[in-house]
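Per-entry structural report
Below, each chain spelled out in residue letters.
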Amino acid sequence: MTSATFVRQQLIAPSNPPASSVGTPAWLRQKLFGSALNAAATVISALILAALIWPTVRFMFIDAVWDGSSRVDCLEETVKRPVGACWPFIAAKFAQFMYGFYPADQVWRVNLTYVVGLVLLVPLLIPRAPWKTLNAVLFFGVFPVAAFYLLVGGRFGLPHVETRQWGGLLVTLVITFAGIIGSVPLGILLALGRRSSLPLLRWFCVVFIEFWRGVPLITVLFFATYMLPFFLPESWKLDPLARVLIGVILFAGAYMSEVIRGGLQAIPRGQFEAARALGLGYWKMMAFVVLPQALKIVIPGMVNSFIALFKDTTLVLIVAIFDLLGQLRAAFADPNWATPVTVLTGFAFAGVIYFIISFVISRYALYVERRLSTGVAH
Amino acid sequence: MKRVIGVLGLALAIGLSGQADAQTLKTVRDRGSLVCGVSQGLPGFSNPDDKGNWTGLDVDFCRAIAAAIFNDPTKVKFTPLAAKDRFEPLRSGEIDVLSRNTTWTSSRDAVFNFVGVVYYDGQGFMVRKALKVNSALELNGASVCAQSGTTTELNLADYFRANNMKYEIVAFGTADETIKAYESGRCDAFTTDVSQLYSEKLKLSNANDHVILPEVISKEPLGPVVRQGDDQWFDVVKWVLFGMLNAEELGVSSKTIDEALKSKQPEIRRMLGLDGTHGEQLGLPRDWVVRIVRHVGNYGEIFERNVGTSSRLGISRGLNRLWTKGGIQYAPPIR
């Protein structure tokens, strides 16, 4: 007798989901063409992207001129077709864009500085690399001094290279690096001072911060470069680049302090009290309990400031220091390369460089933030 | 507070008077180099070449000063300055001389000293060849592209009114926008200083379809500037310019300088320091013209090399010809 009831002994193998809900077609349908509005947005975005990307690709690669020795090679009359980017112009001026007027036979010193900086920086950025403390001391303490002597020279048998000969990306990086290294400690001290319970210290910090935040960077640079010599005796003459660096550090420090103060304010009072209860003094409490948490919170804000600083460096052009953009503008004036596309080519090149550096900084900051925020949901 | 202000005021006064008394020539000699303010990039006047050396008419003038003082045209440091910030560094002593295509005007001369005119510039017009216009006087009813907020607009209005012509101005914020608008056909003519017209012309896609009209409708004498209150330095810089002009007038160039040194002609012998002590009287070495011409060249050579017809710009000498050749470049005699 067979049972009327059927009991399945095994599970049915799960069948595949309907073809319309998996894989690329489904993703496309759901995400890009899910509704009429969605579809319209997709089509419009695609059109805008195509309208932007295709001319860029044409300009940068397809129509570009790759070989040449003067403006004649980048003229429509010569190449007999529409001309895109004039890359030989960049090639001819590349050394100036990178090093400014740094003597060609001394450029190895700049490159060596870059290499040493990278060798020290990269392990510092990789969380698993060992000897973090030593590495940090080398990078933040020893490297700036070494870089100073290497770039300026005048000691250890290296010929002196005046800072007025520096330029291009070198100056951009020097100002950014000095700004970052100088503004973070200054910002921490100012932020702590502003929250201090000592009235004089607090007032000083408030006035300092508000002053530097209230004055535009251009004014700071201009004053530091052209007005200070009026007030200082002849023998006190500071190097023009040093004056600019000091101005940038003070300026960036004031902004940094407000960013850090935001982090300090976000730390619950209980953390301070707990640290006190453990018998920690002020500095130990700050160094081991409060600041590590506060700085972690403000990483996005700090990186924002770094990127802003990196791009603000272009303002030094007004005090006769040529950063990357300044060198670019000077190169535009060379009648040997003046063509309809020279300016576009130059800005395309500078844009790519600025983008790469800013993008790398912001990506790395995102990574650090994700790593540090494990277990803490914000 | 009052005391603080007093101290600051005193410091300012000392600082300012300290600058005014400065013996610039001595400072330059002691430093071993000249510091010269130039533009941050102006085609043919001062721009870095592919090797990173500054070149141009304004730059060569600085090299000529260095050649006269040090017998070495390389002993000069260039400080590239933006147009609006050019006078502060001169006032504060950051630079010794400003050679930055600066127009000589009465209000500027009231505060500084202009040593002379290195280049007689003036506002002109560029039009398409297809318009078949040969003179600015045929521009009646034309639309003209100009940069707004400059004296260019005012000069344009004056010129058209004076000649009873109608025009329509199309103004733009920057030089780049203006030339782009002209190129795209927004207007019939493009106006700015003539030296600028030639350099902007290089940026047009079909430069040969455009022509620069002969009329110059404004006076823009460009010259080097020094501080007031240092007469010796003023003389030195002035006579570097006059030396270059006199050398051209007397036919002494960098190619003929060695023959000229054997010349019997009294004017040439005086100029080259073979007779008399004219250099020393000015605070310059006796052979200052020889040094300038040998290392940098006479005025004509410098002009041709940087902006003239043998350069990329191809500007004709025009007003900048010597007075003996129909221009207005004229230097007092060395005597």
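Sequence order sets the numbering: in each chain, residues are counted from 1 along the sequence as written. As a convention, the first chain written is A and the first ligand written is 1, with the rest following in written order. The model is predicted, so local features are restricted to residues of pLDDT at least 70 and side-chain atom pairs to those at 80 or more, both for listing and for counting; the totals for chains, interfaces and linings are taken over all residues. For side-chain calculations, the full set of non-hydrogen atoms in the structure is used, while hydrogens and water are omitted.

Two rings from Phe, Tyr or Trp (for Trp, the six-membered ring) form a pair when their centres sit within 6.5 Å of each other. Planes less than 30 degrees apart are called stacked, planes more than 60 degrees apart edge-to-face, and all others tilted. Summed over the entire model, instances satisfying the criterion amount to 36 aromatic pairs over all chains. Taking 6.3 Å as the distance between ring centres and 70° as the angle between the ring planes, the aromatic pair formed by Phe89 of chain A and Phe97 of chain A counts as edge-to-face. Three labels apply to residues, based on accessible area from a 1.4 Å probe with only protein chains included: buried if under 20% of the type maximum, exposed if over 50%, partly exposed otherwise in between. Residue class for Phe89 of chain A comes out buried when judged on its relative accessible area of 0%. Judged by relative accessible area, Phe97 of chain A falls into the buried class, the value being 0%. Sitting above the plane of the Tyr182 of chain B ring, Arg128 of chain B keeps its charged end 4.7 Å from the centroid. Lys238 of chain B extends its terminal NZ or CZ atom over the ring of Phe234 of chain B, reaching a point 4.2 Å from the ring centre. A ring is considered to have a charge above it if a Lys NZ or an Arg CZ atom is located within 6 Å of its centre and within 35 degrees of its normal.

Before going further, it helps to spend a moment on the side chain of Asn246 of chain B. Residue and element names in this part refer to chain B. Secondary structure elements follow DSSP: runs of H or I no shorter than four residues count as helices, runs of E no shorter than two count as strands, and numbering proceeds from the N terminus. You can see Asn246 is positioned in helix α9 (residues 231-249). Note on Asn246: relative accessible area 7%, which makes it buried. Two N or O atoms form a polar contact when they lie within 3.5 Å of each other; inside protein one atom must be a possible hydrogen donor and the other a possible acceptor, and for residues adjacent in sequence the pair counts only when both atoms belong to side chains. For Asn246, the side chain forms a polar contact with the main-chain oxygen of Pro332, separated by 3.0 Å. Leaving out residues up to four positions away in the same chain, Asn246 has contacts with Trp239, Met271, Ala331, Pro332, Pro333 and Ile334. The contact criterion used is simple: two residues touch if any of their non-hydrogen atoms lie within 4.5 Å.

Membership of the largest hydrophobic core comes to 81 residues, with the highest contact counts inside it found for Leu34, Ile65, Trp233 and Trp288 of chain B. Where each domain begins and ends is defined by an automated method or by a domain database. Composition of this core by domain shows at least three residues from each of domain 1 (2-120 + 221-256 + 283-325) and domain 2 (123-218) of chain B. With sequence-adjacent residues up to four places away left out, Ile65 of chain B is seen in contact with Leu34, Val97, Trp233, Val237 and Val240 of chain B. Buried Ala, Val, Leu, Ile, Met, Phe, Trp, Tyr and Cys residues that are joined via side-chain atoms within 4.5 Å together make up what is termed a nonpolar core. In terms of nonpolar packing, the next biggest core, distinct from the first, is built from 72 residues, Ala64, Ala254 and Val341 of chain A together with Leu90 of chain B among them.

On to empty space enclosed by the protein. Residues and elements named next belong to chain B. Throughout, the protein atoms alone are placed on a 1 Å grid, and a set of points is a cavity if a 1.4 Å probe fits but cannot get out or a pocket if it is open with protein on both sides within 12 Å along at least five of seven lines; lining residues have an atom within 4 Å of a point. Grid points are joined across faces, edges and corners, and a volume is the space filled by probe spheres set on the points. Tallying each qualifying case throughout the model produces one cavity of 30 Å³ or more. The space that makes up the largest cavity amounts to roughly 30 Å³. In terms of lining residues, the largest cavity is bounded by Leu57, Asp60, Phe61, Val118, Met244, Tyr299 and Ile302. Here the lining of the largest cavity takes three residues from helix α3 (residues 57-70), the largest share from any one element.

All right, on to helix α2 (residues 24-31) of chain B then. All names here are of chain B. The complete set of buried residues in α2 reads Thr24, Leu25 and Val28. One face of α2 carries all of its buried residues, which in axial projection span an arc of 100°. Turned more than 90 degrees from where α2 packs its buried face, Lys26 and Asp30 sit exposed. Looking at the buried positions of α2, the neighbouring elements they touch are β1 (34-39), α3, β13 (220-227) and α9. Our arc is simply the arc of the directions from the helix axis toward the C-beta atoms.

This part is about the sheet that holds strand β9 (residues 142-147) of chain B. Residue and element names in this part refer to chain B. With mixed pairing, five strands are arranged side by side in an open sheet as β10-β9-β11-β8-β12. On the outer flanks of this sheet lie β10 (167-172) and β12 (210-212), each paired with one strand and no other. Pairwise comparison of adjacent strand axes, ignoring direction, gives a mean angle of 30° for this sheet. By definition, two strands form a pair when at least two bridges between them are found by DSSP. Where strand β8 (residues 123-128) lies against β12, three bridges are found, and the strand directions are antiparallel. Residue pairing in the sheet places Met126 in a bridge with Ile212 of β12. Sheet strands in contact with helix α6 (residues 151-162) are β8, β9, β10 and β11 (189-193), and its direction is about 80° off that of β8. What counts as an axis is a line fitted to C-alpha atoms, over the stretch in contact for a helix, and the angles between N-to-C directions run from 0 to 180 degrees. Where helix α8 (residues 194-201) meets the sheet, it contacts β8, β11 and β12, and its direction lies at approximately 125° from that of β11.

Now for the pairing of β8 of chain B. Residue and element names in this part refer to chain B. Of all the six residues making up β8, five are buried; the element is thus mostly covered by neighbouring parts of the structure. Direction of pairing for β8 relative to β11: antiparallel, over a ladder of five bridges. Residue Gln123 lies in a different strand from β11, and its bridge partner there is Asp193.

To continue, consider the domain arrangement of chain B. Residue and element names in this part refer to chain B. Domain annotation for chain B reports domain 1 (2-120 + 221-256 + 283-325) and domain 2 (123-218). The centre of domain 1, based on its C-alpha atoms, is set 30 Å off from the matching centre of domain 2. If you look at the interface, domain 1 gives nine residues, while domain 2 gives five residues. A 1.4 Å probe defines the accessible area here, and the buried area is the portion of it lost by two parts on being joined, summed over both. Taken together, the two surfaces of domain 1 and domain 2 that pack against each other cover about 590 Å², and 72% of this comes from carbon and sulfur. Three residues, Pro43, Leu313 and Ile315, lead the burial of domain 1 against domain 2; their summed loss comes to 50% of the area buried on that side. For this document, the term salt bridge refers to a Lys or Arg side-chain nitrogen within 4 Å of an Asp or Glu carboxyl oxygen. Our enumeration of links across domain 1 and domain 2 arrives at zero salt bridges. Where domain 1 meets domain 2, there are zero residue pairs in polar contact (both at pLDDT 80 or more). Charged means Asp, Glu, Lys or Arg here, nonpolar means Ala, Val, Leu, Ile, Met, Phe, Trp, Tyr, Cys or Pro, and polar covers whatever is left, Gly included. Its residues assigned to classes, the side of domain 1 that touches domain 2 shows six nonpolar, two polar and one charged.

Another aspect to go through is the confidence of the model for chain B. Residue and element names in this part refer to chain B. Every residue is assigned a pLDDT by the predictor, reflecting its confidence on a scale from 0 to 100. Taken as a whole, chain B shows an average pLDDT of 88; of its residues, 93% reach a score of 70 or greater. Of all the helices and strands in chain B, helix α1 (residues 2-21) carries the lowest mean pLDDT, 44, while α3 carries the highest, 96. pLDDT under 50 marks residues 1-21. Its contacts with residues more than four places away, or in other chains, come to 10 contacts. Overall fold confidence for the complex sits at a pTM of 0.81, while the interface term, ipTM, reaches 0.79.

As a further point, take the environment of Val144 of chain B. Residue and element names in this part refer to chain B. With respect to the helices, strands and loops of the structure, Val144 is situated in strand β9. Between the C-alpha atoms of Val144 and Glu168, which are 24 residues apart in sequence, the distance is 6.1 Å. Not counting residues within four places of it along the chain, the set of residues in contact with Val144 comprises Phe125, Leu156, Phe160, Glu168, Ile169, Val170, Cys187, Ala189 and Thr191.

All right, on to the interface of chain A and chain B then. By a widely used convention, the size of an interface equals the accessible area lost when the partners come together. The partner chain B presents 41 residues to the 34 residues of chain A that form the contact. Here chain A meets chain B over a buried area of about 3200 Å², counting both sides, of which 55% is carbon and sulfur. Of the charged contacts, one joins Arg243 of chain A and Glu94 of chain B as a salt bridge, the two residues approaching to 3.6 Å between their closest N and O atoms. At the boundary of chain A with chain B, the tally comes to 11 residue pairs in polar contact (both at pLDDT 80 or more). Mapped onto the side of chain A that touches chain B, the elements with two or more residues apiece are α3 (76-79), α4 (87-99) and α9 (217-231) of chain A. Broken down by element, the side of chain A that touches chain B gets its largest block of residues, seven residues, from α9 of chain A. Split into classes, the residues belonging to the side of chain A that touches chain B amount to 19 nonpolar, five polar and 10 charged.

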